[in-house]
Amino acid sequence: MATYKGIQGYTVQSLSSDPPATQAVGQLWYNSTAGAFKVGTLGAGAWSSGTNFPASVNQSGGAGTQTTFLAWGGSDPGDQRDETFKYDGTTWTATNDRNLKISGTSGLGTQTAALGAGGYNVSLTPVYTNACEEFDGTSWATANVDSNKPSVGYIGLTGTQTAGLSVAGYGSPPGVISVCSEYDGTNWTSTAAYPSTKSSVFSIGIQTAAVAVGGAPPFQTAGFDYDGTSWSAGDAINTAREAGGQGGISTAGIIFGGATPSMTDKTEKYDGSSWTEVGDLATARSLMSSGSSSVSGTQTANLAVTGGTPSKTNVVEEWNDPVYANKTVTVS
Amino acid sequence: MANTYCTATNFGKGFFTHEDRNDFYLSGHAGDVWVVGNNAAGVSWINRVTGTAKTKADAQAIVDGKIEEAQVSYDAESAEYKAMHSRPVKYILP
């Protein structure tokens with residue numbers, strides 16, 4: 001029988017175990033333990049299942065990254081919640097509750113320096129509120145309210161705990177608004193109004209270089225750029241939607257899911273000049289924890305937590321781009 | 001036939017991987033219904049997650065039932081909620 005060495009003039013390396021997938025791209029080897037040829041591949045970005053959230057909720061707040069995430073509040077069937085959970089990429093762990101039970105809320109920042117702003121609680125009058133709280137990695141403390149938005153939820157929120165940007169939203173009254181505010185870690189200051197009066201816009205980036213797209217009503221694809229002072233026309237997304245997840249910065253962003261008004265599984269990434277469709281979520285949904293707004297993760301590693309499918313769900317998905325894999329070579 | 005259908009409970013991490021997503025079509029729907037690309041990798045995944053095979057009609061009926069439940073829940077929501085969210089609608093599985 002012909003051998004590989006006889007044909008090619010050299011042998012395939014034999015390894016007792018596979019090398020790390022990130023270090024094996026383009027390599028071919030024989031796994032002597034498995035008795036199989038293997039090859040290292042580099043695939044397109046994709047969503048995989050993550051560890052299920054401890055409860056089925058939607059409209060919760062979120063902040064952080066794929067391996068250091070914080071999720072709080074939201075609605076379960078019949079009530080608003082104050083529970084807060086940390087995620088380390090594998091396990092959800094309960095931490096101290098928020099002071100106010102809140103839904104339709106928005107978040108920004110990190111697991112150790114997060115800000116939750118706006119939302120609603122049906123026991124309040126009016127039900128929408130501009131209540132803000134800061135999380136320091138251990139507990140929540142009340143922060144100054146945004147007096148520019150007296151009674152508003154579904155805000156597009158991005159930036160950091162000491163340099164945040166609040167974009168438009170929905171409240172009662174007057175309904176959908178275009179008001180925008182900046183947060184300096186202590187106080188909120190009114191800034192240029194969003195050019196399109198919308199709720200639940202997708203917002204990414206930092207206070208001086210932000211991008212906001214989509215939103216409703218009506219559902220739109222248009223996007224706008226913020227430079228720390230004013231808004232200008234930006235690049236449109238491919239699928240008009242609201243209330244999905246987002247992350248990244250103004251030159252490397254990502255949005256996923258949302259309502260069109262039916263739930264969508266579409267994911268789009270942004271390079272600073274155009275939006276491109278990439279791998280779909282496995283489960284179409286809106287009102288995720290990482291949605292209607294937070295700086296949750298990046299364009300290459302992100303997290304979609306809970307949401308409505310249309311029923312409230314506890315499912316989690318993790319985005320990675322690219323996808324490294326060691327695959328078995330099938331010989332036929 | 002481009003797709004096959006099953007029910008399976010999403011147990012979390014490892015239920016479907018990034019590789020799975022690149023190897024076959026997969027979409028999840030209400031009622032633990034999964035639409036799976038009908039190739040070797042997709043069939044292997046159904047076996048791996050102990051999925052229960054369904055006809056498209058049966059899978060569609062499960063999803064429709066769950067959407068009807070969601071419609072009932074929506075109808076019971078407050079006016080504030082309804083002002084911000086659309087009533088769930090039925091759709092055809094791919």
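Residues numbered from 1 in each chain as written. Chains lettered and ligands numbered in written order. Predicted model: local features only at pLDDT ≥ 70, side-chain atom pairs only at ≥ 80, totals over all residues.

**Side note on the overall build of chain A**
- Along its length, chain A carries 1 helix and 30 strands.
- What you see for chain A is a C-alpha radius of gyration of 22 Å, in line with the 20 Å of a compact globule of 332 residues.
- With the C-alpha coordinates of chain A rotated into their principal frame, the extents come out at 85 × 40 × 35 Å.
- Looking at the 332 residues of chain A, the share that counts as buried comes to 53%. (Helix = DSSP H or I, 4+ residues; strand = E, 2+ residues; numbered from the N terminus. Rg over C-alpha atoms; globule rule 2.2 N^0.38 Å. Buried ≥ 20, exposed ≤ 12 C-beta atoms within 10 Å, placed from the backbone.)

**Thoughts on the overall build of chain B**
- If you tally the helices and strands in chain B, you get 4 helices and 4 strands.
- Each helix and strand of chain B, placed in order from N terminus to C terminus, yields the pattern β-α-β-β-α-β-α-α.
- Here chain B holds 94 residues, and the buried ones make up 29% of them.

**Structural notes on the interface of chain A and chain B**
- With 31 residues of chain A in contact, the opposing surface of chain B contributes 25 residues.
- Among the elements of the structure, strand E4 (46-49), strand E29 (312-320) and strand E30 (323-328) of chain A are those that each provide at least two residues to the side of chain A that touches chain B.
- For the side of chain A that touches chain B, the leading source of residues is E4(A), giving 4 residues.
- The class makeup of the residues in the side of chain A that touches chain B is 15 nonpolar, 15 polar and 1 charged. (Contact = placed C-beta atoms within 7 Å. Nonpolar A, V, L, I, M, F, W, Y, C, P; charged D, E, K, R; others polar.)

**What to know about the sheet that holds strand E1 (residues 13-15) of chain A**
Residues and elements named next belong to chain A.
- Strand order in the open sheet made by the 4 strands is E1-E2-E3-E30, with mixed pairing throughout. The open sheet has two edge strands with one neighbour each: E1 and E30. Neighbouring strand axes in the sheet, compared pairwise and without regard to direction, differ in orientation by 35 degrees on average. (Pairing = 2+ DSSP bridges. Axes fitted to C-alpha atoms, helices over the stretch in contact; angles between N-to-C directions.)

**Overview of the environment of Lys149(A)**
All names here are of chain A.
- Relative to the helices and strands, Lys 149 is located in the loop between strand E14 (140-143) and strand E15 (152-153).
- Residue classification places Lys 149 among the buried positions, given that 24 C-beta atoms sit within 10 Å.
- Separated by 22 residues in sequence, Lys 149 and Gly 171 place their C-alpha atoms 8.4 Å apart.
- In contact with Lys 149, other than residues within four places in its own chain, are Gly 118, Asn 130, Ser 166, Gly 169, Gly 171, Val 179 and Ser 181.

**Structural notes on the nonpolar core**
Residue and element names in this part refer to chain A.
- Ranked by size, the top nonpolar core spans 86 residues in total, and within it Val 167 and Ala 212 carry the most contacts.
- Broken down by element, this core gets its largest block of residues, 5 residues, from strand E18 (residues 175-183).
- Residues contacting Ala 212, with those up to four places away along its chain left out, are Gly 156, Val 167, Tyr 194, Val 201, Phe 202, Ser 203, Gly 223, Phe 224 and Tyr 226. (Core = buried A, V, L, I, M, F, W, Y, C linked by C-beta atoms within 7 Å.)

**A word on the domain arrangement of chain A**
- Under the domain assignment used here, chain A contains domain 1 (4-43) and domain 2 (46-320).
- In this structure, domain 1 of chain A and domain 2 of chain A have C-alpha centres spaced 43 Å apart. (Domains from an automatic or database assignment.)

**Here we look at unusual backbone geometry**
All names here are of chain A.
- The step from Thr 260 to Pro 261 runs through a cis peptide bond, and the omega angle for that step is 20 degrees.
- Locating Pro 261 in the fold gives a position in the loop between strand E25 (252-256) and strand E26 (267-270).
- The phi dihedral of Ser 200 falls on the positive side, at around 55 degrees, and the residue is not glycine.
- Checked against the element boundaries, Ser 200 lands in the loop between strand E19 (188-191) and strand E20 (202-206).

**Some points on the confidence of the model for chain B**
- Residues of chain B with pLDDT of at least 70 account for 99%, and the chain-wide mean is 93.
- Confidence metrics for the complex model read pTM 0.93 and ipTM 0.91. (pLDDT = per-residue confidence, 0-100.)

**Looking at the sheet that holds strand E9 (residues 84-87) of chain A**
All names here are of chain A.
- Taken in spatial order, the 4 strands line up as E5-E6-E9-E10 in an open sheet, and their pairing is antiparallel. Where the open sheet ends on each side, the last strands, each with one partner, are strand E5 (61-64) and strand E10 (92-95). Averaged over all adjacent pairs, the angle separating strand axes in this sheet is 25 degrees, with direction ignored.
- In this sheet, E10 lies alongside E9 in antiparallel orientation, the contact comprising 4 bridges. Bridge pairing links Lys 86 to Thr 93 in E10.

**Some words on the environment of Asp227(A)**
- Structurally, Asp227(A) can be placed in the loop between strand E22 (223-226) and strand E23 (231-233).
- Each residue touching Asp227(A), except ones within four places of it in the same chain, is listed here: Thr208(A) and Ala209(A).

**Overview of the pairing of strand E24 (residues 245-249) of chain A**
- Counting buried residues in E24(A) gives 4 out of 5 residues, a clear majority hidden from the surface.
- Taking the residues that link successive antiparallel strands as the turn, the E24(A)-E25(A) hairpin has 2 residues.

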